[in-house]
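Notes for the structure review
Chain by chain, the residues run as shown.
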Amino acid sequence: MEIGHFLLGLCAFHHFYGSVSAESTCKLKAKFNLSGYKDVEKKKVVIGGMFPVHMRIASTDGNTSRLPVSSGCEGFNFRTFRWTQTMLFAIDEINKRKDLLPDTDLGYVIYDSCFTISKAVEGTLTYLTGQDEAVPNYRCGTGPPLAALVGAGGSDLSIATARILGLYHFPQVSYSSTCSALESKFQFPTFLRTIPNDKHQSTAIAQLVLHFGWTWVGTIAADDDYGKYGIKDFKEQVEEAGVCISFSETLPKVSSPEGIQRIVQTVVESTAKIIVVFSSDVDLSPLITELLQHNVTNRTWIATEAWVTSALIMQPGVSSVLGGTLGFGIKRAAIPGLQRHLLNLDPYADSLTEEFWETLFNCTLSFGKALKQTKQRSKEVNGTLSRAVRGVPDGLCTGRESVAQLNNTYSDVSELRITYSVYKAVYAVAHALHNLEHCEEGRGPFNGKDCADITNFEPWQLMYYMKNVRFKVPHTGEEIYFDEGDVEGFYDIINWQFNSNGEISYNTVGRYNGSAAPEDRMTIMNDSIVWNNDMLEPPRSVCSENCQPGTRKGIRQGEPVCCFDCIPCADGEISNTTNARECILCSDDDWSNDAHDACVPKIIEFLAFGEPLGITLIVISAFGALVTIAVGVVFIVNLGTPLVKANDALLSFSLLFALVVTFLCSIIFLGEPQNWSCMTSQVALALGFALCLSSIMGGPTFLALSCAYVCIYTVHLVWSSVVYTYICYCAISHTFSCTVWLIILPPHSIKNTSAQNIKIILECDEGSVVFICCIFAYDILLALMAFIFAFIARKLEDHFSEAKCMTFGMLVFFIVWISFVPAYLSTRGKFMVAVQIFAILASSFGLLTCIFLPKCYILLVKPERNTEEAMRPRAKPRDGTSTGTSASLNTAATEVTATTASTAIDD
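Since the structure is predicted, the reported quantities are computational estimates derived from the model, not experimental observations.

How each quantity is defined
- Residues numbered from 1 in each chain as written.
- Predicted model: local features only at pLDDT ≥ 70, side-chain atom pairs only at ≥ 80, totals over all residues.
- Heavy atoms only, no water.
- Helix = DSSP H or I, 4+ residues; strand = E, 2+ residues; numbered from the N terminus.
- Buried < 20%, exposed > 50% of the residue type's maximum accessible area, 1.4 Å probe, protein only.
- Contact = heavy atoms within 4.5 Å.
- Pairing = 2+ DSSP bridges.
- Disulfide = S-S within 2.5 Å.
- Phe/Tyr/Trp six-rings, centres within 6.5 Å; stacked < 30°, edge-to-face > 60°.
- Lys NZ or Arg CZ within 6 Å of the ring centre and 35° of its normal.
- Expected span 1.5 Å × (residues − 1).
- Axes fitted to C-alpha atoms, helices over the stretch in contact; angles between N-to-C directions.
- Polar contact = N/O pair within 3.5 Å; in protein donor to acceptor, adjacent residues only side chain to side chain.

1. Here we look at the overall build of the chain
What the chain contains, in helices and strands, is 25 helices and 27 strands. Considering the chain as a whole, with its 907 residues, one finds that 49% of them fall into the buried category. Summarising the internal contacts of the chain: among those between residues at least 6 apart in sequence, 69% fall at separations of at least 24.

Structure follows, in structure tokens:
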């Protein structure tokens with residue numbers, strides 16, 4: 001490029017001083033060393049071509065003390081040499097046709113770019129000059145005009161040449177430059193191509209990755225515009241779809257063993273099983289060699305069109321590394337007659353063909369060179385010349401070797417993809433020239449309907465026809481036209497499949513059409529794909545496994561979004577999709593199942609009649625009520641006996657009735673709570689205990705009053721009436737309070753969803769805490785008063801200690817309900833109801849047992865003690881110790897009281 005700039009300056013100087021001859025003002029600063037094919041003699045129009053026949057330029061010693069020499073090339077590439085021969089074949093085919101350029105014989109000038117930008121620039125400058133030496137800005141040749149350039153191979157080569165050719169509006173048609181940067185008509189106004197834009201390929205690869213659900217992908221790109229732009233477009237699309245890039249490496253353009261080893265180490269250490277490679281086969285080949293040495297398997301490689309069908313990387317044992325590779329190939333077609341042309345080469349025609357022949361057959365076409373090599377080998381073996389040297393030397397080519405027998409990639413026409421693209425590019429130029437030549441005067445596109453002369457036209461005139469060309473390719477019928485310089489993005493999806501002998505077959509397993517609707521662009525036959533290591537299922541390539549329903553994704557700090565932890569949803573939350581970002585909260589009536597992937601109705605809990613605990617409580621309650629009724633029956637049967645009369649039968653029956661109520665009201669607590677059951681149970685319990693406690697409180701009061709020293713029968717009756725009136729008052733006032741409670745804020749059933757997460761507890765709400773506290777506070781007050789009266793009356797002496805029994809009964813009552821409070825508060829759900837029922841039953845049984853068991857014992861077991869004598873009070877000892885019953889009086893008043901009572905009864 002520096003040489004070119006310098007020459008541009010020199011010739012500008014020559015242009016300024018036009019009167020001075022070119023010989024005196026221009027000086028050639030460098031001699032280019034270009035190899036290729038040239039046929040311009042007696043040709044009307046010349047088509048230029050540029051192909052990377054060699055893989056690289058030969059290294060130099062960098063000596064600046066002598067005249068610099070243009071570098072040579074090395075690393076012969078049989079595949080690209082086939083492309084070169086395809087251009088020659090197409091031009092020869094066009095020249096033989098009568099319907100295309102019938103009056104024009106095409107020539108050609110084809111150079112080797114050596115897959116290097118500097119060589120591509122050298123060739124471009126030489127094309128423009130028109131002769132072997134480059135004189136920029138001037139067309140110095142006198143031969144036929146150069147129509148267009150077919151080339152220049154890789155994208156970075158075409159970018160370099162297109163920048164120069166664009167200055168002169170010189171048409172360029174590329175057959176393998178796919179870089180998306182070349183679509184810019186501002187930078188590359190005359191660039192066209194017969195191969196799809198890489199934007200289509202990047203989109204296709206992205207859709208392939210998404211199709212198989214791969215979210216963890218490695219990328220490798222060549223250190224050129226083709227690799228950089230291709231990977232950039234691919235990354236933008238997949239990252240937007242949630243795919244993460246595990247690593248991104250760049251292949252060195254020059255030999256760098258350290259760089260290759262570093263890439264191999266990255267591939268080995270990465271957990272990504274899918275690797276996308278945007279590179280040419282030339283740049284990728286060293287990496288494949290290193291991967292083979294490290295035996296890197298269990299990876300699936302995604303290939304671009306630049307290497308998907310290349311034989312350059314087909315090394316022994318490569319099936320273990322690249323087996324199952326998926327890639328995108330451009331359209332394939334058969335070109336009749338091409339193979340015959342490839343096999344019928346004259347090895348002595350030119351230097352490039354000679355090098356091909358010598359490389360292919362590992363011999364030399366030069367007798368002198370062969371003789372020299374034979375002599376050298378003889379000296380190394382015996383130190384003397386052998387007689388064989390005197391005849392035909394070893395290693396000399398005969399020129400009659402069979403190309404077909406070697407089965408080389410050069411002669412393999414089974415996968416003509418880029419070769420077909422070369423064929424189309426030559427025909428595109430030919431059809432544009434045909435349209436230019438057959439322009440009708442007065443109907444042309446230039447300067448008021450002028451036409452161009454095919455023997456002397458300007459590049460920009462041909463460029464007009466190139467942009468508007470439209471034709472069908474011979475033998476295939478494919479219609480070619482340039483849409484803003486590009487063709488449609490159509491690809492075959494190719495799968496590398498190896499047989500047991502290690503032979504590869506490129507199987508088409510799908511298609512991609514970039515011009516179709518988004519949902520119809522890709523079709524792929526999953527069942528036809530053979531994966532690496534003969535796996536039946538597509539490989540998984542994820543940084544983290546999918547979070548199953550019931551979990552959510554937890555992002556790891558400092559890592560890509562594809563790397564995450566699966567966090568189980570909390571209780572009451574679910575996720576019913578894969579890779580959920582958040583868990584969903586269940587409604588109040590629902591709860592998460594064990595897998596946390598669905599909300600299920602909460603368990604409805606209440607103490608049912610039919611469950612074992614409910615049946616047990618019903619039995620106990622019924623038993624308590626029956627026992628209480630039985631005690632009442634016993635009292636009725638023995639109603640006239642001294643024991644029943646001494647304990648006031650009415651109070652006893654009211655107490656028994658209250659106990660029956662408390663026993664039976666516990667049953668109402670069972671079953672599904674309803675509004676009526678909530679009100680009934682609470683009111684029945686409150687009234688039952690109020691009546692019970694009032695009766696108990698009346699017992700010792702009546703006992704104490706009836707046994708007073710001054711007590712007479714009339715007083716006894718008066719105070720009995722007072723006690724009964726008090727009991728009625730307690731019951732009526734309590735009933736009134738409960739009625740007000742039921743009217744204003746009655747108890748009702750509710751669904752308790754907060755007590756237990758997985759359950760809905762059906763329970764009763766008291767309605768008003770104030771009311772229920774007042775109601776049961778009244779019961780507590782009655783209990784305290786009953787206990788006090790019973791405790792005071794326990795010292796009264798009689799044969800049957802009624803007050804002591806009531807005292808013990810009240811102690812049991814208090815113990816039960818004091819124990820009930822912590823037990824009730826520490827339980828949940830139906831067990832709270834069970835605890836409450838147990839407390840009711842225990843306190844009721846306690847009162848029934850303590851108060852009525854001694855009486856029933858006398859009535860049923862010891863009837864001989866149920867006499868007036870036994871019920872009479874005893875005298876108190878003088879020392880004051882208790883020897884009688886609670887009904888005894890002082891000795892001095894005993895007879896008076898007994899007589900008075902007896903007289904009253906007789907009256």
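2. Notes on the pairing of strand β11 (residues 274-278)
Along β11, 5 of the 5 residues are buried, which leaves the element largely enclosed by surrounding structure. A two-sided burial pattern is seen for β11, the buried positions comprising I274, V276 and F278 on one face and I275 and V277 on the other. Bridge analysis of strand β9 (residues 216-222) against β11 gives 5 bridges, and the strand direction is parallel. Note on β11: the bridge partner recorded for A221 is F278. Here β11 pairs with strand β12 (residues 300-303) via 4 bridges, running parallel. The partner of V276 across the bridge, within β12, is I302.

3. Focus on the state of the cysteines
Each disulfide consists of one covalent bond between the sulfur atoms belonging to two cysteines. Applying the stated criterion across every chain yields a total of 9 disulfides. The disulfide partner of C439 is C451, and the S-S distance across this bridge is 1.8 Å. Taking the sign of the S-S torsion, -65 degrees for the link of C439 and C451, the bridge is left-handed. You can see C439 sitting in the loop between α14 (418-437) and α15 (459-467) and its partner C451 sitting in the loop between α14 and α15, a full 12 residues away along the chain.

4. A word on the packing of aromatic side chains
For the structure shown, the criterion picks out 32 aromatic pairs. Considering the side-chain rings of F81 and F356, the 4.6 Å spacing of their centres and the 20 degrees angle between planes classify their relative orientation as stacked. Taken together, the positions of F81 in helix α3 (residues 78-96) and F356 in helix α12 (residues 351-361) put the pair 275 residues apart, joining distant regions of the chain. On the basis of relative accessible area, F356 is assigned to the buried category, the value being 0%. For the ring pair F446 and Y464, a centre distance of 5.7 Å and an interplane angle of 70 degrees mean the geometry is edge-to-face. A residue pair is termed long-range when its members are at least 10 positions apart, and F446 in the loop between α14 and α15 and Y464 in helix α15 qualify at 18 residues. Aromatic ring contacts, followed pair by pair, group F76, F78, F81, F356 and Y410 into a single cluster. Sitting over the face of the ring of F564, K553 holds its NZ or CZ atom 4.6 Å from the ring centroid. The ring centre of F852 lies 5.2 Å from the NZ or CZ of K855, which sits over that ring.

5. A closer look at unusual backbone geometry
Residues G151 and A152 are joined by a peptide bond in cis, for which omega reads 15 degrees. Counting through the fold element by element, A152 comes out in the loop between β6 (146-150) and α5 (155-167). Unlike most non-glycine residues, H169 shows phi in positive territory, near 55 degrees. Structurally, the position occupied by H169 is in the loop between α5 and β7 (172-174). Even without being a glycine, N295 presents a positive backbone phi close to 55 degrees. As for its placement among the helices and strands, N295 is situated in the loop between α9 (281-293) and β12. What makes N295 exposed here is its relative accessible area of 52%.

6. Some details on helix α4 (residues 117-129)
With 13 residues, α4 should reach 18 Å at 1.5 Å per residue; the first-to-last C-alpha distance of 18 Å fits that figure. Of all 13 residues making up α4, 11 are buried, and the element is well covered by its neighbours. Every buried residue belonging to α4 is among K119, A120, V121, E122, G123, T124, L125, T126, Y127, L128 and T129, and all of these are buried. Phi turns positive one or two residues past the end of α4, at G130, with a value near 90 degrees.

7. Some thoughts on the environment of A204
Of note, A204 is situated in helix α6 (residues 198-211). Residue A204 is classed as buried on the basis of its relative accessible area of 0%. Distance in space between the C-alpha atoms of A204 and R521 is 8.5 Å, their sequence separation being 317 residues. Once residues within four sequence positions are removed from consideration, A204 is found in contact with F328, Y512 and M522.

8. Observations regarding the pairing of strand β26 (residues 748-752)
The pairing of β26 with strand β27 (residues 759-765) spans 5 bridges and is antiparallel. Paired with N752 across the strands is I761, a residue of β27. Once β26 ends, the chain turns through 6 residues before running back antiparallel as β27.

9. Some words on α9
The terminal C-alpha atoms of α9, which comprises 13 residues, lie 18 Å apart, in line with the 18 Å expected from a rise of 1.5 Å per residue. Taken together, the buried positions of α9 are occupied by D281, V282, D283, L284, S285, L287, I288, E290 and L291. N295, located one to two residues past α9, shows a positive phi value of around 55 degrees.

10. A look at the sheet that holds β27
Pairing in this open sheet of 3 strands is mixed, and the strands run β25-β27-β26 from one edge to the other. Either end of the sheet is taken by a strand with one partner, and the two such strands are β25 (603-605) and β26. Averaged over neighbouring strand pairs, the angle between their axes works out to 25 degrees when direction is ignored. Bridging between β25 and β27 involves 3 bridges; their strand directions are parallel. Among the inter-strand pairings, E605 is bridged to a residue of β27, identified as I761.

11. Focus: the sheet that holds strand β5 (residues 106-112)
The 6 strands lie next to each other as β1-β5-β2-β6-β7-β8, forming an open sheet whose pairing is mixed. Two strands close off the open sheet at either side, each with one partner strand: β1 (36-39) and β8 (191-193). Adjacent strand axes in the sheet meet at a mean angle of 25 degrees, parallel and antiparallel pairs treated alike. Note: β1 against β5, 4 bridges, orientation antiparallel. Bridged to Y37 within β5 is I110. Contacting β2 (45-51), β6, β7 and β8, α5 runs over the sheet at an angle of about 165 degrees to β7. On the sheet, α14 packs against β2, β5, β6 and β7 and is oriented at approximately 160 degrees with respect to β6.

12. Observations regarding the side chain of H431
Note on placement: H431 falls in helix α14. Looking at H431, the relative accessible area reads 15%, which means it is buried. Setting aside residues no more than four positions away along its own chain, H431 makes contact with L100, V469 and F471.

13. Topic: the side chain of D492
In this fold, D492 is placed in strand β16 (residues 490-498). When its relative accessible area of 8% is taken as the criterion, D492 is described as buried. Polar side-chain contacts of D492 include one of 3.3 Å to the side chain of R511. For D492, the residues in contact, after removing those within four places along its chain, are G327, F328, G329, I330, R332, R417, T508, G510 and R511.

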